[in-house]
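Descriptive analysis of the structure
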Amino acid sequence: MNSMNPSLSNENVQRDTAEPVPVDAREQPAESVIEYGKTVGTPFSDKPKFSLRDVEVYYGDSPAIKGISLDIAKNEVIAFIGPSGCGKSTFLRCLNRMNDSIDICRVKGQLELDGQDLYDPKRDVVELRARVGMVFQKPNPFPKSIYDNVAYGPRIHGLANRKSELDDIVENSLRKAGLWNEVKDRLDAPATGMSGGQQQRLCIARTIAVSPEVVLMDEPCSALDPIATARVEELIAELSESYTIIIVTHSMQQAARVSDRTAYFHLGHLVEVNETNKVFTTPEHELTESYITGRFG
Ligand SMILES: Nc1ncnc2c1ncn2[C@@H]1O[C@H](COP(=O)(O)OP(=O)(O)O)[C@@H](O)[C@H]1O
Ligand SMILES: [Mg+2]
C-alpha cells in the first residue's frame, strides 16, 4: 500500500485564509462533542500489525490518552494529526514503549504487535525498539562518523559477522535512505558536519539498518527546509513498500501527500480515522472538519 494521493491538490488541504476567523472560534471546542472511546470512520483492519484497544495514558493523575482503540495495518502509512498537545506523540511512543522511560507515565489497555502483548514484562524492549524504530523531530546523529552511525545498531544487535557484511548493511541502508551517492566518499567524516536534511536521512538509514518492521516518525520534517522535506517525503513513499510507517505531522499537506489513512486526535481522544483523501475532502466528524478548515489549531 503506497499511495501518494496525487488526486489531492494542495487547495483541498490548505487552510482557508480568505475569511478572517473570529478569535473565539480559534479556541478548541469542548470535549462535550466527543463520545468517550468512540472513533468515527475506519479505525480497524483485517490484518493488523498493531492492535490497540482501550488505550489510556496518564502522566501522574492527568489523562493524556483517553480510551483509544485503533488497528494499524501491515505496510500502511498512517498519519496522526491534531492540535498541539492532543496526545499524538504520547500515543506514538506507546508503540515502542518509549514512554517507559518517563517515570510518571502509565499506559493502560491492550496493546499488541503481531498478536503479542507489547507490554508483557518479559518482552525484551531493546529488541522491540529494533523492530519498531523511531525517527525524531530533530535529527540526532551520534557524534561519530557517518559509517559508525549506521553501523551502530547492527553492531549492538550482532547482525554482521564480518566487516564486509557490516559494510554491506551500511551501504544498503544508506542507499535506501537516498544518501549513498552523497556520502560514499566520506563515510569516515563526522555525521554532525552534514546538512540538517542529510542528518535526518542518516537517522532514517540508522533506523532501517537493523531491519525494522515499523518506523515511527514524530514530525520528522519540522526542522527541515522545503527541499529536504520533499526528499524525506519521497523516501517515506519508497520505504512504505517494505515497512509500516506511522508519522505524526502538523502539516496537513504532508499527511495528504504521504499517508494512506489519517487519524485525527483531539484532547486525548481519537475522533476520526479514515482514508486520507476522505479526511481532507469529506471528513465525517465536525471536529475534524473544523480542524482541517483552520477554525482552530
Ligand atoms: N513528559 C511529560 N510529562 C507530563 N506531561 C506530558 C509529558 N509529555 C506530554 N505531556 C502532556 O500530555 C499531553 C499530550 O502531549 P503530547 O503527546 O506531547 O501531544 P502532541 O504530540 O499532540 O503535541 C499534553 O497535555 C502534554 O502536556
Ligand atoms: Mg508531539
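Scroll up to find the structure this text is about.
The next point concerns the overall build of the chain. What the chain contains, in helices and strands, is eleven helices and eleven strands. The C-alpha radius of gyration of the chain comes to 20 Å, within 12% of the 19 Å expected for a compact globule of 297 residues. With the principal axes as the frame, the chain shows a C-alpha extent of 60 × 45 × 35 Å. When each of the 297 residues of the chain is scored for burial, the buried share is 42%.

Here we take up the site of ligand 1. Around ligand 1 lies a shell formed by Y59, A64, G82, S84, G85, C86, G87, K88, S89, T90 and I102. Looking at the shell around ligand 1 element by element, the count peaks at three residues for helix α2 (residues 88–94). Across the shell around ligand 1, the residue classes tally to four nonpolar, six polar and one charged.

What follows is about the pairing of strand β2 (residues 48–59). Two faces belong to every sheet, and in a regular strand the side chains alternate between them. Strand direction decides the pairing type here: β2 and strand β3 (residues 62–73), joined by nine bridges, are antiparallel. Across the sheet, residue Y59 finds its bridge partner in β3, namely S62. In textbook terms, the turn of a hairpin is the stretch between consecutive antiparallel strands, and for β2 and β3 this stretch comprises two residues, one of which, G60, has a positive phi near 60°.

Time to look at helix α8 (residues 226–239). Between its terminal C-alpha atoms α8 stretches 20 Å, which fits the 20 Å expected from 14 residues at 1.5 Å a residue. Buried within α8 are the following residues: T229, V232, L235, I236 and L239. Viewed along the axis of α8, the buried residues span an arc of 120°, placing them on a single side of the element. With respect to the buried face of α8, the exposed residues turned more than 90 degrees away are P226 and I227. Its buried side turned inward, α8 meets β4 (77–81), α7 (196–208), β8 (214–218), β9 (244–248) and α9 (252–258).

Looking at the secondary structure, you find E171 in helix α5 (residues 163–176). On the neighbour-count criterion, E171 (16 C-beta atoms within 10 Å) is partly exposed. Placed 24 residues apart in sequence, E171 and Y147 show a C-alpha to C-alpha distance of 8.9 Å.

A sheet is described by the order of its strands in space; here seven strands give the open sequence β1-β11-β10-β4-β9-β8-β7, paired in mixed fashion. The two strands at the open ends of the sheet, each matched to only one other strand, are β1 (40–41) and β7 (132–135). Pairing analysis gives four bridges linking β7 to β8, with the strands arranged parallel. Along β8, the bridge assignment pairs V135 with M217. Seen against the sheet, α7 touches β7 and β8 and runs at an angle of roughly 170° to β7.

Let's shift gears to the nonpolar core. Among the nonpolar cores identified, the biggest contains 73 residues, and F80, A205, L216, I245, I246 and I247 are the most heavily contacted of them. Residues within four places of I247 in sequence aside, it is in contact with V77, A79, M217, P220, I236, V258 and S259.

Attention now goes to the packing of helix α4 (residues 146–156) against α5. When two helices pack together, their arrangement is given by the angle between the helix axes and the distance between those axes. Running from amino to carboxyl end, α4 crosses α5 at an angle of 115°, the nearest separation of the two axes being 9 Å. When the interaxial angle is binned, α4 and α5 end up roughly perpendicular. The two elements α4 and α5 meet at a crossing, and its hand is right-handed. For the pair formed by α4 and α5, the contact residues are Y147, V150, A151 and P154 on the first element and L166, I169, V170, S173 and L174 on the second. Per-class residue counts for the contact of α4 with α5 are eight nonpolar, one polar and no charged.

Summarising the element assignment, V77 is placed in strand β4. Judged by the 28 C-beta atoms lying within 10 Å of it, V77 falls in the buried class. Expressed as a C-alpha distance, the spacing of V77 and I247, which sit 170 residues apart in the sequence, is 7.5 Å. Look past the residues within four positions of V77 in its chain and what remains in contact with it is I236, S240, I245, I247, V258, S259 and D260.

Analysis parameters
Residues numbered from 1 in each chain as written. Chains lettered and ligands numbered in written order. Predicted model: local features only at pLDDT ≥ 70, side-chain atom pairs only at ≥ 80, totals over all residues. Helix = DSSP H or I, 4+ residues; strand = E, 2+ residues; numbered from the N terminus. Rg over C-alpha atoms; globule rule 2.2 N^0.38 Å. Buried ≥ 20, exposed ≤ 12 C-beta atoms within 10 Å, placed from the backbone. Near = placed C-beta within 6 Å. Nonpolar A, V, L, I, M, F, W, Y, C, P; charged D, E, K, R; others polar. Pairing = 2+ DSSP bridges. Expected span 1.5 Å × (residues − 1). Arc of directions from axis to C-beta. Contact = placed C-beta atoms within 7 Å. Axes fitted to C-alpha atoms, helices over the stretch in contact; angles between N-to-C directions. Core = buried A, V, L, I, M, F, W, Y, C linked by C-beta atoms within 7 Å. Parallel < 35°, antiparallel > 145°, perpendicular 65-115°, else oblique. Left-handed = near helix turned anticlockwise from the far one by under 90°.

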